[in-house]
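# Structural description and commentary
Residues per chain are reported as follows:
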Amino acid sequence: MVTTPTATISSRPPRLSSRRCATCETLLGRAGAAQARLSGSGSTVFGLFPDVAAAAEAARGLEGLPAGSVIRVVPTLTREESRARSAPRRSE
């Protein structure tokens, strides 16, 4: 028996090409991101901004992103906030 990964690969979400990733990182850098990076599988590019207000301002001004791009502005959690949100909750 021979198995092929074709079905698995074709069912994955599309990855950004290297050129598109570089474009997104460049755009985020020009918008004021201290860092702009590609995430894991290649489907997400993110930028780190000094605060949520700066990120929101940058998001409003971003142009030239690939078609279908979605922009989300979210705060970075501290370790304590992350632990609190991921702790198991007791059912009452």
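## Comments concerning the overall build of the chain
Per the secondary structure count, the chain includes 4 helices and 2 strands. The buried share of the chain, reckoned over its 92 residues, is 15%. Restricting to contacts in the chain with at least 6 residues of sequence separation, those with at least 24 account for 31%. Accessible area of the chain: about 7800 Å², with a carbon and sulfur share of 52%.

## Describing the nonpolar core
Residues Cys-24, Leu-27, Leu-28, Ala-33, Ala-36, Val-45, Phe-49, Ala-55, Ala-58 and Leu-62 constitute the largest nonpolar core, which totals 10 residues. Sorting the residues of this core by element identifies helix H2 (18-30) and helix H3 (52-61) as the ones contributing at least two each. No other element matches the 3 residues that H2 contributes to this core. Leave out the neighbours within four places in its chain, and Ala-55 touches Phe-49 and Val-73.

## Re the environment of Leu-27
Mapped onto the secondary structure, Leu-27 falls in helix H2. Each C-alpha atom, one on Leu-27 and one on Gly-64, is 7.9 Å from the other, the two residues being 37 residues apart in sequence. Residue contacts for Leu-27: discarding those within four places in its chain leaves Leu-62, Glu-63, Gly-64 and Leu-65.

## Here's the deal with a nonpolar patch on the surface
Taken together, the side chains of Val-52, Ile-71 and Val-73 make up a nonpolar region of the molecular surface, amounting to roughly 200 Å² of accessible area. Among the structural elements, Val-52 can be located in helix H3. Accessibility expressed as a relative area gives 40% for Val-52, which makes it partly exposed.

## Considering the environment of Asp-51
Residue position: Asp-51 is located in the loop between strand E2 (44-48) and H3. Classification of Asp-51 as partly exposed rests on a relative accessible area of 42%. On a C-alpha basis, the gap between Asp-51 and Thr-76 in space is 8.8 Å, while along the polypeptide they are 25 residues apart. At a separation of 2.7 Å, a polar atom in the side chain of Asp-51 contacts the main-chain amide nitrogen of Ala-54.

Cut-offs and rules
Residues numbered from 1 in each chain as written. Predicted model: local features only at pLDDT ≥ 70, side-chain atom pairs only at ≥ 80, totals over all residues. Heavy atoms only, no water. Helix = DSSP H or I, 4+ residues; strand = E, 2+ residues; numbered from the N terminus. Buried < 20%, exposed > 50% of the residue type's maximum accessible area, 1.4 Å probe, protein only. Contact = heavy atoms within 4.5 Å. Areas by Shrake-Rupley, 256 points an atom, 1.4 Å probe, with all protein chains shown as cover. Core = buried A, V, L, I, M, F, W, Y, C linked by side-chain atoms within 4.5 Å. Patch = residues over 30% accessible without salt bridge, like charges linked within 9 Å, V, L, I, M, F, W, Y side chains within 5 Å. Salt bridge = Lys/Arg side-chain N within 4 Å of Asp/Glu carboxyl O. Polar contact = N/O pair within 3.5 Å; in protein donor to acceptor, adjacent residues only side chain to side chain.

Spatial relationships are all this shows, so hold off on functional conclusions.
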